[in-house]
Amino acid sequence: MSITVKVRVPGTTANCGPGFDAVGIACTIYSELELGLSEKGTLAIEIEGEGKGHIPTNKNNIIYQAVQAVLDRVGKPYQGIYLKLYNKIPLARGLGSSAAAIVGGLIAANAATGNTLTKEEIFSMATAIEGHPDNVAPAIFGGITISVMQGNQPTYLRFMPEKELNMIVAIPDFNLSTHTARQVLPDTIAIKDAVFNISRVALLIGALCKGEFHHLRYALEDKIHQPYRQQLIPGMRQVFNAAVDKGAYGAALSGAGPCLIAFTESNCDEIGVAMVQAFADSSVKAQYVILTIDAEGAKVVK
Ligand code: HSE
């Protein structure tokens, strides 16, 4: 017997300035995954879109590993595994492509085997595979999420702002691995920097919850990861300034970068063009996309 399911998973932006490893937002950019399971057969993986020719199509594929983790956990040893990915989320740019891959594999395999795992169990498995919860939470639950680790167990709170918020993402034409972007971080930070971030992340969540977006100007500031990662992204500060000059409330590194993300209610194209120009002034080719918040998170579409 063979079973086929299709899931859609949003890309995500993590950190949002001060909320390092804790805050994430699901964005209206997606990857779709088709999973076929049969008792006999082998592994076959096809990739369309972002990552075609780069994403492994063997057992090193992270989607396959996520699928297999569910099959092992629920005791369904399928031999024939067919995966087809239609991906619009750029790889290694800070838009949660690996979280989307992991979540897609887990949700698809769960749906194909009778939905025995809860979304909370999927969240826990996805966090263990990804290593941090801030991208996988919004990929699963949609909206804006705050994730907290209790030992090895993640927990989360999800909400949607009262008003619509646009996110302009400048996507430079180079990759940056999360591993590299974490290696430049210090082991310890000064208490004044911790206080700087604690106050801003509290303001950020309040401002997003209540739709008081004007607070984002200061609420997106950060002292614990962006200043260290700036050396990896030529023109980062200039791109932030260009976005604010054109009317954005503020801007931040998207996840570990190198994408930069500006938050606004208006002037989307003007902001995007200015961000791309500021990157060009630092000899970096870039393009921009205009996204909003995805409220649904990962869902089975077939
Ligand atoms: N919170 C993570 C980081 C997100 O900034 O390293 C990257 O996926």
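For the structure itself, consult the block above.
Residues numbered from 1 in each chain as written. Predicted model: local features only at pLDDT ≥ 70, side-chain atom pairs only at ≥ 80, totals over all residues. Heavy atoms only, no water.

1. Things to note about the overall build of the protein chain
Helices and strands together make up the secondary structure of the protein chain, namely 10 helices and 11 strands. The C-alpha radius of gyration of the protein chain comes to 19 Å, within 12% of the 19 Å expected for a compact globule of 302 residues. With the principal axes as the frame, the protein chain shows a C-alpha extent of 60 × 40 × 35 Å. A burial count over the protein chain gives 54% of its 302 residues as buried. A separation threshold of at least 6 residues defines the contact pool for the protein chain, and within that pool the share at least 24 residues apart is 73%. Here the protein chain has roughly 12800 Å² of accessible surface; of this, 51% comes from carbon and sulfur atoms. Distance between charge centroids for the protein chain: 3 Å, based on 25 positive and 27 negative side chains. (Helix = DSSP H or I, 4+ residues; strand = E, 2+ residues; numbered from the N terminus. Rg over C-alpha atoms; globule rule 2.2 N^0.38 Å. Buried < 20%, exposed > 50% of the residue type's maximum accessible area, 1.4 Å probe, protein only. Contact = heavy atoms within 4.5 Å. Areas by Shrake-Rupley, 256 points an atom, 1.4 Å probe, with all protein chains shown as cover. Lys, Arg positive; Asp, Glu negative; His and termini not counted. Charge placed at Lys NZ, Arg CZ, Asp CG, Glu CD.)

2. With respect to the nonpolar core
Counting 69 residues, the largest nonpolar core has Leu35, Leu83, Val103 and Leu216 as the members making the most contacts within it. If one sorts the elements of this core by residue count, helix α2 (residues 97-112) sits on top with 11 residues. Shared between two domains, this core takes at least three residues from each, and those domains are domain 1 (2-160 + 294-300) and domain 2 (166-291). Look past the residues within four positions of valine 103 in its chain and what remains in contact with it is Val9, Ala126, Val136, Ala139, Ile140 and Ala298. Membership of the second largest hydrophobic core comes to 23 residues, among which are Val239, Ala251, Ala274 and Met275. (Core = buried A, V, L, I, M, F, W, Y, C linked by side-chain atoms within 4.5 Å. Domains from an automatic or database assignment.)

3. Here we look at the packing of aromatic side chains
In this structure the tally under the stated criterion is 4 aromatic pairs. Taken together, a centroid distance of 3.8 Å and an interplanar angle of 10° make the contact between phenylalanine 141 and tyrosine 156 stacked. Placement of the pair is phenylalanine 141 in helix α4 (residues 136-141) and tyrosine 156 in strand β6 (residues 153-159), with a sequence separation of 15 residues. Residue classification places phenylalanine 141 among the buried positions, given a relative accessible area of 9%. An aromatic cluster is defined as three or more aromatic residues linked by ring pairs; in this entry it consists of Phe123, Phe141 and Tyr156. Its guanidinium or amino end placed over the ring of tyrosine 30, arginine 8 lies 3.8 Å from that ring's centre, counting from NZ or CZ. The lysine or arginine in question, arginine 200, covers the ring of phenylalanine 196, its NZ or CZ lying 3.5 Å from the ring centre. (Phe/Tyr/Trp six-rings, centres within 6.5 Å; stacked < 30°, edge-to-face > 60°. Lys NZ or Arg CZ within 6 Å of the ring centre and 35° of its normal.)

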